[in-house]
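Structure at a glance
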Amino acid sequence: MNPKNKAKIGVFICHCGKNIAGGLDIEALAESTKHIEGVAYVGDNKFSCSEDGQVSIQEAIRDNNLDRVIVAACDPSLHLMTFQRCGEKSGMETQFVDLIDIRKWTMHGSPHKDNPEEALAKSRKLIELAVKRMSLKKLIPMVEFPAEKSILVIGGGVAGLEAGLDLAEKGYDVHIVEKLPTIGGKMALLYKVFPTNDCAPCILAPKTAYANIHPRINLMTNSEVKSVEGYIGNFDIEVVQTPRYIDTEKCTGCGECVNACPCRVVDDIYAAGMGERKAIYFPFDQAIPKKPVIDAQNCLYFRKKVCRLCEKNCPADAIDFKQMSKKIDIKAGAIVVASGFDEYDPSPKSEYGYGRYSNVITQFQLARLLDIDGPTRGKLLRPSDGREPHSIAMIQCVGSRDKKTNDYCSNICCMYALKHAQMIREMILPDAEIYILYIDMRTTGKGFEEYYRKTREMGIHFIRGRPSEIMEKPDTRNLLMEVEDPDIGRLLEIDADLVVLSCATVPSEGSEQLSQFLKIERDEAGFFKELHPKLRPVETNVRGIYICGAAQGPKDIPDSIIQAKAAASFADGELRNHKIKLPAFMVQTRGINQGGS
Amino acid sequence: MEEVYVEEFMSPGCVGCPAVKQMLEVLATELGDKLIVEEVDITVDTTRAAQYGIMSVPALAINGILRFMGVPRKEELEKAIMEELEGEG
């Protein structure tokens with residue numbers, strides 16, 4: 001465009017079938033648009049995104065020498081690229097093609113739907129603003145620069161490992177940062193997984209073991225991301241590694257130090273509070289790396305400057321009390337966030353007595369008790385007296401589908417309750433009475449309905465109702481509850497030895513801080529937010545940062561794997577040419593004022 | 001140029017955004033129709049922010065070019081807008 005001349009703007013109004021045309025007067029909108037200063041052409045299409053629609057836009061650009069295009073249609077996150085490509089085919093600069101959303105006021109079901117007069121008035125205003133903006137818009141200069149051939153993966157659970165391994169196999173150097181002393185995440189602690197009842201560590205181990213030896217994967221356990229700067233192709237990340245107090249080069253993993261340690265503490269992470277560990281410990285048998293770690297908060301040497309028995313008994317001289325936190329700088333072209341989830345703490349749901357009654361536990365705690373490598377070596381013993389329970393009540397949707405806590409369905413709780421019921425019936429306590437107290441059983445995955453039917457056929461009692469309160473019998477520490485069963489129209493009284501709460505899946509601790517470092521958005525529940533809920537499920541509002549697994553929302557293992565692979569594929573798609581094109585100001589920060597004082 | 005178009009990128013929870021909004025309101029009373037300000041809520045319109053590569057708010061684009069990230073000093077903002085108005089465009 002000659003700077004002395006005014007821009008020639010074409011405005012194309014989309015009917016979107018009846019989605020827009022059914023909610024406002026297109027003819028009136030087109031008529032008023034013609035009179036806006038700078039508008040050289042106004043067209044309307046039944047479907048602007050269709051082949052015919054795009055051809056008519058291209059013809060109008062050519063026939064009228066248009067140098068700016070505005071399409072008034074739907075959400076730009078859906079179709080902006082479509083129209084930019086369409087304009088590009090007619091020789092137009094993509095930055096001079098814009099898409100504005102007028103459909104939100106007209107489409108049935110839209111939360112912003114308005115009456116036709118209001119929708120018309122708002123659309124007129126939006127088009128006026130867009131015309132003004134486009135007529136004054138200057139071209140943003142773009143610059144191409146080399147991209148780093150490395151990727152940062154945040155989280156060493158199954159999703160992070162899958163994404164990391166995929167990217168390493170594609171030739172990228174992958175840095176996996178894990179907050180805990182071992183990789184494997186929650187899956188490593190589940191023992192069995194639905195709907196196949198496979199041994200979880202057995203199917204996870206090929207991935208953890210390969211990640212451990214992969215020449216292009218750098219595993220950083222006990223590590224956390226502390227800052228992130230830069231942009232796609234060139235992220236600068238600061239990671240802080242807290243000390244293990246073990247020289248991992250020297251350590252052989254023999255375990256003599258653990259045997260020698262006199263200090264026992266409750267293991268809140270790997271035993272979910274159901275068992276103890278030493279102050280120097282291996283997280284679990286298949287931990288990777290298989291090196292112990294010293295818990296400085298409980299170690300007698302760190303607390304009182306006494307003991308050092310681990311050091312005295314280590315045959316490899318690998319204990320190093322002088323280790324300090326280490327700052328590690330990483331450069332990465334893209335970041336995959338797979339920081340996982342936490343189990344909801346049900347203490348605020350005081351009606352269930354968690355924290356008050358010792359025989360009320362969570363499903364994750366039950367998973368640890370059922371694990372052959374868990375704190376009770378696979379024996380199901382109730383916490384109050386170490387006795388096997390004869391009746392077990394599982395309460396569903398604790399902290400899920402509940403307006404007072406979390407509105408959403410946590411997706412996996414029905415299935416893990418079924419899994420645990422099957423395991424107890426088949427492998428541990430065949431004669432125990434098991435009750436599942438539910439609102440709805442939601443078993444929508446592949447093979448899940450069959451799994452539910454099988455569980456019913458095993459004689460597990462399913463009751464459509466949940467107790468309003470649980471009372472503890474002071475003498476036996478049993479738990480009493482009344483449940484209305486609408487299927488038989490009776491009030492049932494259950495006397496349970498053990499109550500298991502199927503708790504919600506919530507964003508992992510630290511998600512909020514991570515979102516601030518990465519500048520990526522979170523949804524209302526606090527999970528990381530995808531760019532589009534249907535069509536762009538792994539991208540975020542920051543180009544080059546992708547999300548996968550339960551960090552994005554509650555999901556099971558197969559869905560986490562699928563999303564991890566998608567995130568890896570996206571990262572590869574952006575970086576595979578080793579070049580990135582970005583607005584010049586992002587690369588050379590000159591010209592951008594970073595704010596006042 | 002006769003006019004200047006400012007895209008004010010903001011979000012509901014943003015601490016610095018009200019200050020930027022107020023600065024623009026003061027400038028708008030001085031400049032009248034010459035200054036067009038569009039408030040873009042990045043939680044609603046994520047695409048526009050992504051086009052500019054905006055990773056934090058407040059941010060200001062003037063005539064299609066991202067000029068400020070963070071809260072600018074009033075004089076700097078005024079200077080940038082006046083340059084656009086006085087320049088050939």
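Just above sits the structure.
Residues numbered from 1 in each chain as written. Chains lettered and ligands numbered in written order. Predicted model: local features only at pLDDT ≥ 70, side-chain atom pairs only at ≥ 80, totals over all residues. Heavy atoms only, no water.

When you go through chain A residue by residue, the secondary structure sums to 15 helices and 30 strands. Taken along the three principal axes of its C-alpha coordinates, chain A extends 85 × 70 × 45 Å. Buried positions account for 55% of the 597 residues belonging to chain A. Entry remark: accessible area of chain A is about 26,900 Å², with carbon and sulfur atoms responsible for 48%. Positive and negative charge centroids in chain A, built from 78 and 81 side chains respectively, lie 4 Å apart. (Helix = DSSP H or I, 4+ residues; strand = E, 2+ residues; numbered from the N terminus. Buried < 20%, exposed > 50% of the residue type's maximum accessible area, 1.4 Å probe, protein only. Areas by Shrake-Rupley, 256 points an atom, 1.4 Å probe, with all protein chains shown as cover. Lys, Arg positive; Asp, Glu negative; His and termini not counted. Charge placed at Lys NZ, Arg CZ, Asp CG, Glu CD.)

Right, let's talk about the nonpolar core for a bit. All names here are of chain A. Val11, Ile13, Ile70, Ile102, Ile127 and Val131 are the most contacted members of the largest nonpolar core, which has 42 residues in total. The greatest single-element share of this core, amounting to 7 residues, is contributed by helix H4 (residues 116-136). Those residues within four positions of Ile13 in sequence are excluded, and the remaining contacts are Ile26, Leu29, Ala30, Thr33, Val42, Gly43, Asp44, Asn45, Ser48, Ala72 and Ile102. Counting residues in each nonpolar core, the second largest holds 35 residues, with Ile428, Leu429, Tyr438 and Leu498 among its members. (Core = buried A, V, L, I, M, F, W, Y, C linked by side-chain atoms within 4.5 Å. Contact = heavy atoms within 4.5 Å.)

A few words now on the packing of helix H1 (residues 17-31) of chain B against helix H3 (residues 74-86) of chain B. Residues and elements named next belong to chain B. As a packed pair, H1 and H3 sit with axes 11 Å apart at the nearest point and diverge in direction by 40°. Judged by the angle between their axes, H1 and H3 are oblique. In this structure, H1 meets H3 at a crossing whose hand is right-handed. Residues Met23, Leu24, Val26, Leu27, Glu30 and Leu31 of H1 pack against Lys74, Leu77, Glu78, Ile81, Met82 and Leu85 of H3. In terms of residue class, the contact of H1 with H3 is made up of 9 nonpolar, no polar and 3 charged. (Axes fitted to C-alpha atoms, helices over the stretch in contact; angles between N-to-C directions. Parallel < 35°, antiparallel > 145°, perpendicular 65-115°, else oblique. Left-handed = near helix turned anticlockwise from the far one by under 90°. Nonpolar A, V, L, I, M, F, W, Y, C, P; charged D, E, K, R; others polar.)

Let us look at the state of the cysteines. Cysteine pairs can be linked by a disulfide, which is a covalent bond between their two sulfur atoms. Scanning the model with the defined rule gives 2 disulfides over all chains in all. Through a disulfide, Cys14 of chain B is tied to Cys17 of chain B; the S-S separation comes to 2.0 Å. Its S-S torsion of approximately 95° makes the covalent link between Cys14 of chain B and Cys17 of chain B right-handed. Taking the relative accessible area as the measure of exposure, Cys17 of chain B reaches 4% and is therefore buried. Cys414 of chain A supplies the cysteine sulfur nearest to Cys397 of chain A, a cysteine that is in no disulfide, at a spacing of 5.9 Å. Residue Cys409 of chain A stays outside any disulfide, its sulfur separated by 6.4 Å from that of Cys397 of chain A, the closest cysteine. (Disulfide = S-S within 2.5 Å.)

Here the structure, examined in full by the defined rule, presents 43 salt bridges over all chains. Between Arg133 of chain A and Glu7 of chain B there is a salt bridge, and its shortest N-O distance comes to 3.9 Å. Note that Arg133 of chain A is positioned in helix H4 and Glu7 of chain B in strand E1 (residues 4-10), a pairing that runs across two chains. Per residue, the accessibility class of Arg133 of chain A equals that of Glu7 of chain B, and both read buried. In this structure, Glu472 of chain A and Arg477 of chain A form a salt bridge, with 3.2 Å as the shortest nitrogen-oxygen distance. For Arg477 of chain A, a relative accessible area of 32% gives the class partly exposed. (Salt bridge = Lys/Arg side-chain N within 4 Å of Asp/Glu carboxyl O.)

Now for unusual backbone geometry. Residues and elements named next belong to chain A. Geometrically, the link from Phe194 to Pro195 is a cis peptide bond, its omega value of -5° lying close to zero. Inspection of the secondary structure assignment puts Pro195 in the loop between strand E8 (192-193) and strand E9 (198-199). With an omega of 0°, the peptide bond between Ile288 and Pro289 qualifies as cis. With respect to the secondary-structure elements, Pro289 resides in the loop between strand E15 (280-281) and strand E16 (293-294). The backbone phi angle of Asn197 is positive, close to 55°, even though this residue is not glycine.

Let us now look at the packing of aromatic side chains. All names here are of chain A. Scanning the model with the defined rule gives 13 aromatic pairs over all chains in all. Relative to Tyr41, the ring of Phe12 lies with its centre 5.6 Å away and its plane at 40°, an arrangement referred to as tilted. Here Phe12, found in strand E1 (residues 9-14), pairs with Tyr41, found in strand E2 (residues 39-45); they are 29 residues apart in sequence, far enough to count as distant. With a relative accessible area of 1%, Phe12 lands in the buried category. Plain terms: the ring middles of Tyr245 and Phe302 are 4.5 Å apart, the flat faces sit at 50° to each other, and that makes the pair tilted. (Phe/Tyr/Trp six-rings, centres within 6.5 Å; stacked < 30°, edge-to-face > 60°.)

As for its position among the elements, Ala209 of chain A is in helix H6 (residues 200-213). Sequence spacing of Ala209 of chain A and Pro289 of chain A is 80 residues, and the spatial spacing of their C-alpha atoms is 9.1 Å.

Next up on the list: the sheet that holds E1 of chain B. Adjacent strands of a sheet form backbone hydrogen bonds with each other and so pair up, either parallel or antiparallel. Spatial ordering of the open sheet is given by E2-E1-E3-E4 (chain B), a layout of 4 strands whose pairing is mixed. Each having just a single partner strand, strand E2 (35-41) and strand E4 (65-69) of chain B make up the two edges of the open sheet. Each strand of the sheet is rotated relative to its neighbour by a mean of 25°, with strand direction disregarded. One ladder, built from 4 bridges, connects strand E3 (residues 59-62) of chain B with E4 of chain B; its direction is antiparallel. Each bridged residue has a counterpart across the sheet, and for Ala59 of chain B the counterpart in E4 of chain B is Met69 of chain B. Along the sheet, H4 of chain A makes contact with E1 and E2 of chain B, crossing E1 of chain B at roughly 110°. Each of E1, E2 and E3 of chain B touches H1 of chain B; the most contacted strand, E1 of chain B, lies at about 160° to it. (Pairing = 2+ DSSP bridges.)

Nothing here speaks to function; it is geometry throughout.
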